[in-house]
Amino acid sequence: MRILLINPNTTESVTTLVKRHVEAVAGDTATFVPATGRFGARYISTRASAAIAGHAALDAYAAHRDRCDAVYLACFGDPGLMALREIADVPVVGMAEASCIEASKRGRFAIVTGGALWGPMLREFVGSIGLADKLAKVRTIAPTGGDIARNPDAALAALANACTACASEDGADVVILGGAALAGLASRIQSDVPVPVLCSVETGTRAVIAAAANGLDNASPPPALENVGLGAELAKLLQQK
């Protein structure tokens, strides 16, 4: 199976980090084809950057969609997820949605990530996928995902403390460590946290492999969309629908 791995951040090193971790989970079951956002924020940490990232995700899909069996939107918060599903002819899995669904099966869940502005954004996201009643808390630490990517060791104690607080103060049965830049950190803090800590990158990887294997039921494509100023591949794709 070939899975298109979209990182709508514009930082290639984050794409490389995520690709390394998804390949470790997938083994020889799938090949991941990486695509980094062509424009937008280096690392998404605001509503404006998330909105731009949704466009970047569509642009990346249009440019790299050939011969892929599924799409993995590898950005916690899933910018552009529903729009990708509207135009894609293969399954599309979002890192945040897949992680929240898996966590909700284990009881009440919390989310820990970097960047204070993600707090309300993620609460709204969880509500939008119908899991608000399962969400115990969203806790953020001061460093953004970009900061954590540059120096993950410096963030470990704060991440572990936040995850522990989710369990001891907020009643969470499981905690999602959310964010592409946080790939691999869940296992490094698990021994310091009294409940399971899910790595969003790894959880999403397992979900997209399953989705690629199952395929997509035929759905009616959206109507063709007249547009101005888009990248050539995206403009062509939307005009063909």
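Analysis parameters
- Residues numbered from 1 in each chain as written.
- Predicted model: local features only at pLDDT ≥ 70, side-chain atom pairs only at ≥ 80, totals over all residues.
- Heavy atoms only, no water.
- Core = buried A, V, L, I, M, F, W, Y, C linked by side-chain atoms within 4.5 Å.
- Buried < 20%, exposed > 50% of the residue type's maximum accessible area, 1.4 Å probe, protein only.
- Helix = DSSP H or I, 4+ residues; strand = E, 2+ residues; numbered from the N terminus.
- Contact = heavy atoms within 4.5 Å.
- Axes fitted to C-alpha atoms, helices over the stretch in contact; angles between N-to-C directions.
- Parallel < 35°, antiparallel > 145°, perpendicular 65-115°, else oblique.
- Left-handed = near helix turned anticlockwise from the far one by under 90°.
- Nonpolar A, V, L, I, M, F, W, Y, C, P; charged D, E, K, R; others polar.
- Pairing = 2+ DSSP bridges.

## Observations concerning the nonpolar core
Phe32, Phe109, Ile111 and Leu177 are the most contacted members of the largest nonpolar core, which has 69 residues in total. Per-element tally for this core: the top contributor is helix α7 (residues 152-168), with eight residues. Ignoring sequence-local partners within four residues, the contact set of phenylalanine 109 consists of Cys100, Ala103, Ser104, Val126, Leu131, Lys134, Leu135, Ala136, Lys137, Ala172, Val174 and Ile176. Core analysis: the next-biggest nonpolar cluster, separate from the first, contains 20 residues, Ala60, Leu73, Ile87 and Leu237 among them.

## Remarks on the packing of helix α1 (residues 12-26) against helix α9 (residues 200-214)
In contact at an axis separation of 9 Å, α1 and α9 are set at 55° when each is read in the N-to-C sense. Here α1 lies oblique to α9, going by the angle between them. Here α1 and α9 pass one another in a crossing that is right-handed. Residues Val18, His21, Val22, Val25 and Ala26 of α1 form the contact with α9, whose own contacting residues are Val201, Glu202, Thr205, Arg206 and Ile209. By residue class, the composition of the contact of α1 with α9 is six nonpolar, two polar and two charged.

## Section: unusual backbone geometry
Even without being glycine, arginine 67 reaches a positive phi, approximately 60°. Mapping arginine 67 onto the fold places it in the loop between α2 (47-64) and β3 (70-73). Judged by relative accessible area, arginine 67 falls into the exposed class, the value being 64%. Of note in the backbone geometry, aspartate 78 takes a positive phi value of approximately 55° without being a glycine. Its location among the elements puts aspartate 78 in the loop between β3 and α3 (81-87). The class for aspartate 78 is buried, based on a relative accessible area of 5%.

## Some remarks on the sheet that holds strand β7 (residues 174-177)
Here four strands make up an open sheet; going across it, the order is β6-β5-β7-β8 and the pairing parallel. The sheet is open, and its two borders are formed by β6 (135-141) and β8 (197-199), each paired with just one other strand. Adjacent strand axes in the sheet meet at a mean angle of 25° when their direction is disregarded. The pairing of β7 with β8 spans three bridges and is classified as parallel. Across the sheet, residue leucine 177 finds its bridge partner in β8, namely cysteine 199. Along the sheet, α7 contacts β5 (109-114), β6, β7 and β8; its crossing angle with β6, the most-contacted strand, is approximately 160°. Along the sheet, α9 contacts β7 and β8; its crossing angle with β8, the most-contacted strand, is approximately 65°.

Shape descriptors only; they carry no functional weight alone.
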